[in-house]
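Structural characterization, general
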Amino acid sequence: MSRSAHPAGPRHADVMTEGHYTAPPADLNALDGKVWARTVTRDEDGTVTVGGIEVTRLAEEFGTPAYFLDESDFRARCRAWADAFGRDADVFYAGKAFLSRAVVRWLQEEGLNLDVCSGGELTTALDAGMPAERIAFHGNNKTVAEIERAVTVGVGRIVLDSFQEIARVAHIAQRLGKRQRVQIRVTVGVEAHTHEFIATAHEDQKFGIALAGGQAAEAVRRALALDGLELTGIHSHIGSQIFDMAGFEVSARRVVQLLAEVRDEHGVELPEIDLGGGLGIAYTSEDDPREPHEIAKALGDIVTRECEAAGLATPRISVEPGRAIVGPTAFTLYEVGTIKPLEGLRTYVSVDGGMSDNIRTALYDAEYTVALVSRTSDAEPMLVRVVGKHCESGDIVVKDAFLPSDLAPGDLIAVPATGAYCRSMASNYNHALRPPVVAVRDGGARVIVRRETEEDLLRLDVG
Ligand SMILES: *Cc1c(COP(=O)(O)O)cnc(C)c1O
């Protein structure tokens, strides 16, 4: 589907027409373990808990809206990825999904590396003690200052995204008396089966250098010729929220073909291949994500097979999951405010946040579910749309879902699977105060990113 938001305002037609909803779930009080963080359960009196703490207590202590992140789930997912890929591969967590200093420390403790794509992300990583050699630097338009910083601190790799950048990084590295390890990001002509805004490997897009027309081969030629660069491999990232491994297969095959061409032309076997991130998670019960070990096996098999066929030694594989690690580990807790039944349509349930804490529904037409978490209810299901408090009718958090018909102002509802691309894409629209991220683990809760205050807003406004 191709679509763009109208700059002048809400997309009424888009927002109002479609009916995505299915039948109400058999049990509105049930929490699907696929969609919710691992330690989320309902206790005996019907209140939902995470990390052993009732959400009602969390709301009292930390307020709403707020993101609650299940730390043990996050760590377990890191370990699952690290174990699945083993010692012959590297897992880089994509920091843009959600990054904070606590997250950086967890990654280090669980043995993961880190992708950053801006000076701000790099600063966060270094400040929290991530060794520079475990950081990969991405982006289609890294500034000279960002490149200088990355080279100076000695990041493990810079992923080159254009011909200009090949020259730019080489020049900067040489000036600084360094030889920078780099990969070249190629576009393999695969369009991942997902929304166009987040599919990134087809050719008509801003990222990477096309394999087609010999462009990537030319990029390799140039990189190999420059003293400031040590070209270690080829990088491909084909999209986001992908369930079908077929796209990765094609991508791996084409990247290996390029490695074979490079060997034939230059007598060099590049030792690394990075297949990017983009693995899907369950936002609703209808999604069926792959487990890390299945993904590792599928990718390992295809790369090994293609390399054998091409007579190449199998390169070291790396992957860059962001969403698949942090996405499922958090939910957003909201307090219900105004409830507006629209006869024959649906009931609009307004919460105390909205598109400022979750832009994905408005931006990507994303699907979410929602549950009443401060109590259980035996009331009949009602079809709802969960909306925020922003001055914009596209301000939708959950397009279509069912909540009990006795829902009332003051109830707490939670939207699961908001760990990725929610806080990291949060805005101050309408001067909203960005919510905190609270890590919950083993009966303890601690703020890892605090709630913004009105003082924070005014501090930026210098009058
Ligand atoms: C965004 C991005 C990722 C992570 O994508 P997810 O969908 O969060 O797994 C990995 N690599 C690159 C280069 C990216 O741009």
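Nothing here was measured: the structure is a model prediction, and the numbers come from that model.

Of the regular secondary structure elements, the protein chain holds 13 helices and 21 strands. In terms of C-alpha radius of gyration, the protein chain reaches 23 Å, essentially the compact-globule figure of 23 Å for 463 residues. By principal-axis analysis of the C-alpha atoms, the protein chain measures approximately 70 × 50 × 45 Å. Looking at the 463 residues of the protein chain, the share that counts as buried comes to 55%. Here the protein chain has roughly 19400 Å² of accessible surface; of this, 49% comes from carbon and sulfur atoms. Charge separation in the protein chain, taken as the distance between the mean sites of 48 positive and 69 negative side-chain charges, equals 5 Å.

When the domains of the protein chain are assigned, the result is domain 1 (41-70 + 328-460) and domain 2 (138-321). Tallying the contact residues gives nine residues for domain 1 and seven residues for domain 2. Area buried by domain 1 at its contact with domain 2 is led by Arg 360, Tyr 364 and Ala 417, which between them contribute 47% of it. For the interface between domain 1 and domain 2, the tally reads one residue pair in polar contact (both at pLDDT 80 or more).

Our focus in this paragraph is the pairing of strand 20 (residues 437-441). In terms of burial, strand 20 is largely enclosed, as four of its five residues are buried. With four bridges joining them, strand 4 (residues 66-70) and strand 20 adopt parallel strand pairing. When the sheet's bridge partners are listed, Tyr 67 is paired in strand 20 with Val 437. Bridging between strand 20 and strand 21 (residues 444-449) involves five bridges; their strand directions are antiparallel. Note on strand 21: the bridge partner recorded for Arg 441 is Gly 444. Here strand 20 folds back onto strand 21, and the loop between the two strands holds two residues, one of which, Asp 442, carries a positive phi near 45 degrees.

Of the positions making up helix 5 (residues 119-127), those classed as buried are Gly 119, Glu 121, Leu 122 and Ala 125. Down the axis of helix 5, the smallest arc covering the buried residues is 160 degrees, so these residues share one side. Of the surrounding secondary structure, the elements contacted by the buried residues of helix 5 are helix 4 (101-109), strand 6 (113-116), strand 7 (135-137) and helix 6 (144-153). Directly beyond the C-terminal end of helix 5, a positive phi value near 90 degrees is found at Gly 129.

Here we take up the nonpolar core. Counting residues in hydrophobic clusters, the biggest one holds 109 residues, and the most contacted among them are Phe 74, Tyr 93, Ile 184 and Ile 413. Take this core: its biggest share by element is eight residues, from helix 9 (residues 246-266). Formed jointly, this core draws a minimum of three residues from each of two domains, domain 1 (41-70 + 328-460) and domain 2 (138-321). Counting 22 residues, the second-largest nonpolar core is a separate cluster that includes Val 35, Trp 36, Val 373 and Leu 412.

This part covers the environment of Gln 205. By the element assignment, Gln 205 lies in the loop between strand 9 (180-187) and strand 10 (209-210). Along the sequence, Gln 205 and Thr 187 sit 18 residues apart, while their C-alpha atoms lie 9.1 Å from each other.

Time to look at the environment of Gly 276. Position of Gly 276 among the secondary structure elements: in the loop between strand 12 (272-274) and helix 10 (292-310). Residue class for Gly 276 comes out buried when judged on its relative accessible area of 2%. Sequence separation between Gly 276 and Ser 318 is 42 residues, and the spatial gap between their C-alpha atoms is 7.4 Å. In contact with Gly 276, other than residues within four places in its own chain, are His 235, Ser 236, His 237, Ser 318, Val 319 and Glu 320.

What follows covers the UniProt feature "binding site: substrate" (unreviewed entry) in the protein chain. Mapped onto the present numbering, the UniProt feature "binding site: substrate" (unreviewed entry) falls on Arg 323, Arg 360, Tyr 364, Glu 392 and Tyr 421. In sequence the annotated residues extend across 99 residues, and in space they extend as well, their farthest C-alpha pair lying 27.0 Å apart. When its relative accessible area of 12% is taken as the criterion, Tyr 421 is described as buried. When residues no more than four places from it in sequence are discounted, the contact partners of Tyr 421 are Lys 96, Ala 97, Arg 323 and Arg 360.

One pass over the full model with this rule turns up seven aromatic pairs. With a centroid separation of 5.8 Å and 70 degrees between ring planes, the pair formed by Phe 74 and Tyr 93 is classed as edge-to-face. Of this pair, Phe 74 sits in helix 3 (residues 71-85) while Tyr 93 sits in strand 5 (residues 89-94), and the two are 19 residues apart along the sequence. By the burial criterion, Phe 74 is buried, and Tyr 93 matches it. Ring centres of Trp 81 and Phe 85 lie 5.8 Å apart, and the angle between their planes is 0 degrees; this geometry places the pair in the stacked category.

Time to look at the sheet that holds strand 1 (residues 41-42). The strand order across the open sheet formed by three strands is 1-2-3, and the pairing between neighbours is antiparallel. Each end of this open sheet is capped by a strand with a single partner; those strands are strand 1 and strand 3 (53-54). In this sheet, strand 3 lies alongside strand 2 (residues 48-50) in antiparallel orientation, the contact comprising two bridges. Looking across to strand 3, one finds that Thr 49 is bridged to Glu 54.

Axes are the key here: two packed helices are described by the angle between their axes and the distance separating the axes. Closest axis-to-axis distance for the helix 9/helix 10 pair is 9 Å, and the angle between their directions is 30 degrees. Compared by their axis directions, helix 9 and helix 10 come out roughly parallel. Relative to helix 10, the crossing made by helix 9 is right-handed. Across the interface between the two elements, Phe 248, Glu 249, Ala 252, Arg 253, Val 256, Ala 260 and Arg 263 of helix 9 pack against Leu 299, Ile 302, Val 303, Arg 305, Glu 306, Cys 307 and Ala 310 of helix 10.

A separate point is the site of the ligand. Taken together, the neighbourhood of the ligand is formed by 15 residues, with Lys 96, Ser 240, Glu 320, Arg 323 and Tyr 421 sitting nearest. Arg 323 has a polar backbone atom sitting 2.7 Å from an oxygen atom of the ligand. Taking 390 Å² as the accessible area of the ligand by itself, protein coverage stands at 92%. Of the residues contributing to the shell around the ligand, the split by class is three nonpolar, seven polar and five charged.

Conventions we followed
- Residues numbered from 1 in each chain as written.
- Predicted model: local features only at pLDDT ≥ 70, side-chain atom pairs only at ≥ 80, totals over all residues.
- Heavy atoms only, no water.
- Helix = DSSP H or I, 4+ residues; strand = E, 2+ residues; numbered from the N terminus.
- Rg over C-alpha atoms; globule rule 2.2 N^0.38 Å.
- Buried < 20%, exposed > 50% of the residue type's maximum accessible area, 1.4 Å probe, protein only.
- Areas by Shrake-Rupley, 256 points an atom, 1.4 Å probe, with all protein chains shown as cover.
- Lys, Arg positive; Asp, Glu negative; His and termini not counted.
- Charge placed at Lys NZ, Arg CZ, Asp CG, Glu CD.
- Domains from an automatic or database assignment.
- Contact = heavy atoms within 4.5 Å.
- Buried area = accessible area lost by both parts, 1.4 Å probe.
- Polar contact = N/O pair within 3.5 Å; in protein donor to acceptor, adjacent residues only side chain to side chain.
- Pairing = 2+ DSSP bridges.
- Arc of directions from axis to C-beta.
- Core = buried A, V, L, I, M, F, W, Y, C linked by side-chain atoms within 4.5 Å.
- UniProt positions renumbered as here; feature names shortened; annotations may be inferred.
- Phe/Tyr/Trp six-rings, centres within 6.5 Å; stacked < 30°, edge-to-face > 60°.
- Axes fitted to C-alpha atoms, helices over the stretch in contact; angles between N-to-C directions.
- Parallel < 35°, antiparallel > 145°, perpendicular 65-115°, else oblique.
- Left-handed = near helix turned anticlockwise from the far one by under 90°.
- Near = heavy atom within 4 Å.
- Nonpolar A, V, L, I, M, F, W, Y, C, P; charged D, E, K, R; others polar.

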